[in-house]
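Fold and geometry: a report
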Amino acid sequence: MLILASRSPRRIDLLNRAGVEFEIKPSDSDETPVPGETPEEQALRLATVKAVDIAEKYGQGNIVLGADTIVVIDGRTLGKPRDRAEGRQMLETLSGRPHVVITGVCIICPDGRRITKAVHSSVSFRSLSAGEIEKYLDTGEPFDRAGSYAIQGIGAFLIDRVDGSYTNVVGLPLKE
């Protein structure tokens, strides 16, 4: 059995759409960034910490999947906005520019073997007006999402181009 070490609605939806049978056992691991780590190192570390946490509790004879998705622009990681002002600031920063979405994935096999991978996708936003940003913030969708947007939702109108895995940008690179 596959155990997903996440409560992410996006990851759950992607696995369901792929026809994968799985259980949800979210990890409550500390997700505090470590000073000096690269965005890729951060995504891989967090995915691994989540997977190990759940594998230690429920992993006997199961496959455990941990993942963490981050948005990076100008070398800076954009997490989930704390409030509307921070969401606005993130969307203004992304407007008209490319950025990278990195998902770290860790799979722990029943024999304890770990398989890790970081998947990078480049996403280009179209230029957004202040009014478009405000209307998007009004939808509530930007909150609880790294970078303040959801490519699979209303936020699709923000996107000009995706180079790489679309499902990676959603939160779980299914092909990989």
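In this report, the structure presented in the accompanying data block is examined.

1. Details of the pattern of salt bridges
Taken as a whole, this structure holds 16 salt bridges when the rule is applied. Residues Glu37 and Arg45 are paired through a salt bridge, measuring 2.7 Å at the closest nitrogen-oxygen approach. A residue is classified by how much of its surface remains accessible, and Arg45, at 23% relative accessible area, is partly exposed. Ionic pairing is found between Lys80 and Asp144, a salt bridge with its closest N-O pair at 3.2 Å. With a gap of 64 residues between them, Lys80 in the loop between strand E4 (76-78) and helix H3 (84-94) and Asp144 in the loop between helix H4 (130-138) and strand E7 (159-163) connect regions that are remote in the sequence. Through salt bridges that share partners, Arg84, Arg88, Glu134 and Asp138 make up one connected network.

2. Details of unusual backbone geometry
Despite not being glycine, Asp74 shows a phi value in the positive range, around 55°. Of note, Asp74 is situated in the loop between strand E3 (63-73) and E4. The backbone of Asp144 shows a phi angle near 65°, a positive value even though the residue is not glycine. Classification of Asp144 by relative accessible area gives partly exposed; the value is 42%.

3. Examining the pairing of E3
Along any regular strand, the residues point their side chains to alternate faces of the sheet. Counting buried positions over the 11 residues of E3 gives 10, a clear majority of the element. Where E3 and strand E5 (residues 98-108) come together, 9 bridges link them in antiparallel fashion. By the bridge assignment for E5, Val72 is matched with Val100. In this structure, E3 lies alongside E4, joined through 3 bridges in antiparallel fashion. Looking across to E4, one finds that Val71 is bridged to Leu78. What sits between E3 and E4 in their antiparallel hairpin is a turn of 2 residues, with Asp74 showing a positive phi close to 55°.

4. Considerations on the packing of H3 against H4
Relative to each other, H3 and H4 sit at 135°, their axes nearing to 10 Å. With respect to each other, H3 and H4 are oriented oblique. Where H3 crosses over H4, the two elements pack in a sense that is right-handed. Only Ile133, Glu134, Tyr136, Leu137 and Asp138 of H4 make contact with H3, whose side of the interface consists of Arg84, Gly87, Arg88, Leu91 and Glu92. For the contact of H3 with H4, the per-class residue count stands at 4 nonpolar, 1 polar and 5 charged.

5. With respect to the packing of aromatic side chains
Evaluation of the coordinates by the stated rule reveals 2 aromatic pairs. When the ring of Phe125 is compared with that of Tyr149, the centres are 4.9 Å apart and the planes differ by 75°; the resulting orientation is edge-to-face. One end of the pair, Phe125, is in strand E6 (residues 114-125); the other, Tyr149, is in the loop between H4 and E7, with 24 residues separating them in the sequence. Accessibility classification places Phe125 together with Tyr149 in one group, the buried group. When the centroid spacing of 5.9 Å and the interplanar angle of 75° are considered together, the rings of Tyr136 and Phe157 count as edge-to-face. Remark: Phe157 occurs in the loop between H4 and E7 and Tyr136 occurs in helix H4; sequence separation between them is 21 residues. Relative accessible area serves as the criterion here: at 32%, Phe157 is assigned to the partly exposed category. The ring of Tyr58 has Lys25 lying over it, and the distance from NZ or CZ to the ring centre is 4.6 Å.

6. A short note on the environment of Ala43
On the secondary structure map, Ala43 appears in helix H2 (residues 39-58). Using a relative accessible area of 0% as the deciding quantity, one classes Ala43 as buried. Sequence-wise, Ala43 and Asp28 are 15 residues apart; in three dimensions their C-alpha atoms are separated by 16 Å. Once residues within four sequence positions are removed from consideration, Ala43 is found in contact with Asp68, Ile70, Ile102, Thr103 and Gly104.

Definitions and cut-offs
Along each chain, the written sequence defines residue order, and numbers are assigned to residues from 1. Note on the predicted model: pLDDT of at least 70 is required for a residue's local features to be given, and 80 or more for side-chain atom pairs to be given and counted; whole-chain, interface and lining totals, by contrast, use all residues. Hydrogens and waters are ignored; side-chain quantities use all the structure's heavy atoms. A carboxyl oxygen of Asp or Glu within 4 Å of a side-chain nitrogen of Lys or Arg is what we treat as a salt bridge. Throughout this description, buried means an accessible area under 20% of the type-specific maximum (1.4 Å probe, protein chains only), exposed means over 50%, and partly exposed covers the range between. Think of it this way: any DSSP run of H or I at least four residues long counts as a helix, any run of E at least two long counts as a strand, and we number them from the N terminus. Following DSSP output, two strands are said to pair if at least two bridges run between them. Fitted lines through C-alpha atoms give the axes, limited to the stretch in contact for helices. The angle between two N-to-C directions lies from 0 to 180 degrees. Small angles under 35 degrees read as roughly parallel and large ones over 145 as roughly antiparallel, with 65 to 115 read as roughly perpendicular and the rest as oblique. When the near helix sits turned anticlockwise from the far one by under a right angle, the crossing is termed left-handed; a clockwise turn instead gives a right-handed crossing. By definition, residues are in contact when any of their heavy atoms lie within 4.5 Å. Basically, the charged four are Asp, Glu, Lys and Arg, the nonpolar ten are Ala, Val, Leu, Ile, Met, Phe, Trp, Tyr, Cys and Pro, and anything else, Gly included, counts as polar. A pair of aromatic rings is counted whenever rings of Phe, Tyr or Trp (Trp by its six-membered ring) have centres within 6.5 Å, and the orientation is called stacked for planes under 30 degrees apart, edge-to-face for over 60 and tilted otherwise. Think of it as a cone above the ring: NZ of Lys or CZ of Arg counts as a charge over the ring if it is within 6 Å of the ring centre and within 35 degrees of the ring normal.

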